[in-house]
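# Remarks on the overall topology
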Amino acid sequence: MLKGKKILLGITGSIAAYKSAVLLRLLIKSGAEVKVIMTPSALQFIAPLTLSTLSRNEVLSELVDNDSWANHVMLGRWADVMLIAPLSCNSLSKMAQGTCDNLLTAVYLSATCPVVVAPAMDEDMWLHSSTKENIKKITSYGNAIIPVETGELASGLHGPGRMAEPENIVAWLNDFFKEKKQLTGKKILITAGPTHEAIDPVRFIGNHSSGKMGIALAEECIKRGAIVTLVAGPISESIPSELNLIKVTSAAQMYDACLKEFSTTNIAILSAAVADYTIAAPSASKIKKQEGELVLSLEKTKDILKELGVHKKPSQFLVGFALETDNETENAINKLRDKKADMIVLNSLKDTGAGFGSSNNKITIFDKEGGEFAFDIKSKKLVAADIIDYVIKLSHV
Ligand code: CTP
């Protein structure tokens, strides 16, 4: 599983750093390509010469070395994963605070690849409330933690805090790549379901969207290690508990929730069937039956996808859906362009057995590079996997 994988091994100042040599050897033996970064204090625990010999790569520890600048941004982009093992209490605290005072912390802060850490410290430090708080913080930033092990510690005490054994770290990484955890640490915003636009306290305008596609996308992203926020309209499907759920009713509420979340989002996938029109003046009390016609005046809702397209930074990736009955390709391409999305997923209502309410879907993806790819009819679960594979390929996350 590790063959050909590019691993950035960060080593911090901990007695467990001596085990990094064994870990590095195992990674190289598994076929991985490894580059090593050490903090200045790690240099006191293990010689860079040992690590450069094992990795067959120069060991980096300085931001500026002999008048040359180590390109920390490109290191984080080169790697498939950044593994910090051992992670000392001090470096953990820097990661939690966003401190950037050496090459390793600079690479960490600019890394676009998933970051995995194997903490190592004495029992009392490991159990300290500030350490627990810092672990919680870096987890919330999307970093993955390889659990500490219990055993003999450098202090001579016995307890939790030992760095996971190198064999266990390699096994953890194998699972990580096997389960395609490519989205570890990525924040994903997904919209799902219909919106309901109130006519009066008991009636609304809605549509037949079940939210199944959005939930399947959320499940797929969670499976791949992402931190998911689901903004869901009124749906009765069960929603996974491992996500941040924001329940909304109307298009206006969905708009507000999405705009609030978007600035910290890496990838946004808007699969909701948002109402294009809302009631101009909903009645505060139930509208009574009357003679003759009842005319409801509608006004346009704000287009969430279009608005996110306006705010989108180059590092963010935006996916929209297009539900069409006629001129599907032309309409989908127009939506891609008009809403400044990176990718549009087209569902055609002409495909029988697919779409609204059904467990299956048939999609064609159009991307901003001009790519077009039609998929076979499949379960929404498999369609979600196809969409996420496409997003990963195109967004280079
Ligand atoms: N969308 C949105 N906000 C709206 C309307 C649509 O974010 N107020 C998003 C949908 O979630 C979807 C995409 O825009 O990702 C396209 O939605 P669709 O209903 O197919 O198209 P519309 O832009 O609403 O245009 P039309 O209904 O005329 O086809």
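Remember, predicted model here, so these are calculated numbers, not experimental data.

## Digging into the overall build of the protein
The secondary structure content of the protein amounts to 13 helices and 23 strands. With respect to the three principal axes, the spread of C-alpha positions in the protein is 90 × 45 × 40 Å. Residues counted as buried form 49% of the 397 residues belonging to the protein. Expressed as a percentage of contacts within the protein between residues at least 6 apart in sequence, the contacts between residues at least 24 apart total 68%.

## Considering the site of the ligand
Around the ligand, the surrounding shell holds 16 residues, and the nearest of these are Leu 270, Ala 272, Phe 321, Lys 335 and Lys 339. Between an oxygen atom of the ligand and a main-chain N or O atom of Leu 270, the distance comes to 2.7 Å. Computed on the free molecule, the ligand has an accessible area of 570 Å², of which 77% lies beneath the protein chains in the complex. Within the residue set of the shell around the ligand, elements represented by two or more residues are helix H11 (304-311) and strand E18 (317-324).

## Notes on the domain arrangement of the protein
Domain annotation for the protein reports domain 1 (6-176) and domain 2 (187-282 + 295-395). Measuring from the centre of the C-alpha atoms in domain 1 to the corresponding centre in domain 2 gives 38 Å.

## Remarks on the sheet that holds strand E1 (residues 6-11)
Strand order in the open sheet formed by five strands is E2-E1-E5-E6-E7, with parallel pairing between adjacent strands. Every interior strand has two partners, whereas the edge strands, strand E2 (33-38) and strand E7 (144-145), have only one. Here E1 pairs with E2 via six bridges, running parallel. In the strand pairing of E2, Ile 7 is matched with Val 34. Seen against the sheet, helix H8 (residues 166-178) touches E1, strand E5 (81-87), strand E6 (115-119) and E7 and runs at an angle of roughly 155 degrees to E5.

## A closer look at unusual backbone geometry
Residue Pro 86 is bonded to the preceding Ala 85 through a cis peptide linkage, with omega at 0 degrees. As for its position among the elements, Pro 86 is in strand E5. Here Asn 327, not a glycine, exhibits a phi torsion of approximately 40 degrees, which is positive. Relative to the assigned elements, Asn 327 resides in the loop between E18 and helix H12 (328-338).

## Here we look at helix H9 (residues 212-223)
Its twelve residues place the ends of H9 16 Å apart at the C-alpha level, agreeing with the 16 Å of an ideal helix rising 1.5 Å per residue. Looking only at H9, the buried set comprises Met 213, Gly 214, Ile 215, Ala 216, Leu 217, Ala 218, Glu 220, Cys 221 and Ile 222. Gly 225 sits one or two residues past H9 and shows a positive phi near 95 degrees.

## Quick word on the packing of aromatic side chains
Taken as a whole and judged by the stated rule, the model has three aromatic pairs. Ring geometry for Trp 172 against Phe 176: centres 5.7 Å apart, planes inclined by 20 degrees, an arrangement best described as stacked. Placement of the pair is Trp 172 and Phe 176 together in helix H8, with a separation of four residues, close to one helical turn. What makes Phe 176 buried here is its relative accessible area of 5%. Here the aromatic cluster, defined as three or more aromatic residues joined through ring pairs, consists of Trp 172, Phe 176 and Phe 177. Sitting over the face of the ring of Tyr 390, Lys 393 holds its NZ or CZ atom 4.9 Å from the ring centroid.

Cut-offs and rules
- All chains use their own residue numbering, which begins from 1 and follows the written sequence.
- Residues qualify for local features only when their pLDDT is at least 70, as the model is predicted, and side-chain atom pairs are given and counted only at 80 or more; totals for whole chains, interfaces and linings, by contrast, use all residues.
- Water and hydrogen atoms play no part in the side-chain values, which are based on all heavy atoms of the structure.
- Numbered from the N terminus, helices here are DSSP runs of H or I no shorter than four residues, and strands are runs of E no shorter than two.
- Exposed residues in this analysis have more than 50% of their type's maximum accessible area, buried residues have under 20%, and partly exposed residues fall in between, with area computed by a 1.4 Å probe over protein chains only.
- By the convention used here, residues are in contact when the closest approach between their heavy atoms is within 4.5 Å.
- Distances are taken per atom, and a residue is near a molecule or strand as soon as one of its heavy atoms is within 4 Å of it.
- Whenever two N or O atoms come within 3.5 Å, that pair is a polar contact, provided that in protein one can donate a hydrogen and the other can accept it, and provided that, for residues adjacent in sequence, both atoms are side-chain atoms.
- Using a 1.4 Å probe, the Shrake-Rupley method yields the accessible areas, and only the shown protein chains count as cover for residues.
- What counts as a domain boundary in this text is fixed by an automatic or database domain assignment.
- The pairing criterion for strands is at least two bridges between them, as found by DSSP.
- Note on definitions: angles span 0 to 180 degrees between N-to-C directions of axes, and those axes are lines fitted to C-alpha atoms, for helices only across the stretch in contact.
- Given the number of residues in a helix, its expected span is that number minus one, multiplied by 1.5 Å.
- By convention, a stacked pair of Phe, Tyr or Trp rings (six-membered ring in the case of Trp) has centres within 6.5 Å and planes under 30 degrees apart, an edge-to-face pair has planes over 60 apart, and any other such pair is tilted.
- Lysine NZ or arginine CZ positioned within 6 Å of the ring centre and within 35 degrees of the ring normal marks a charge as sitting over the ring.

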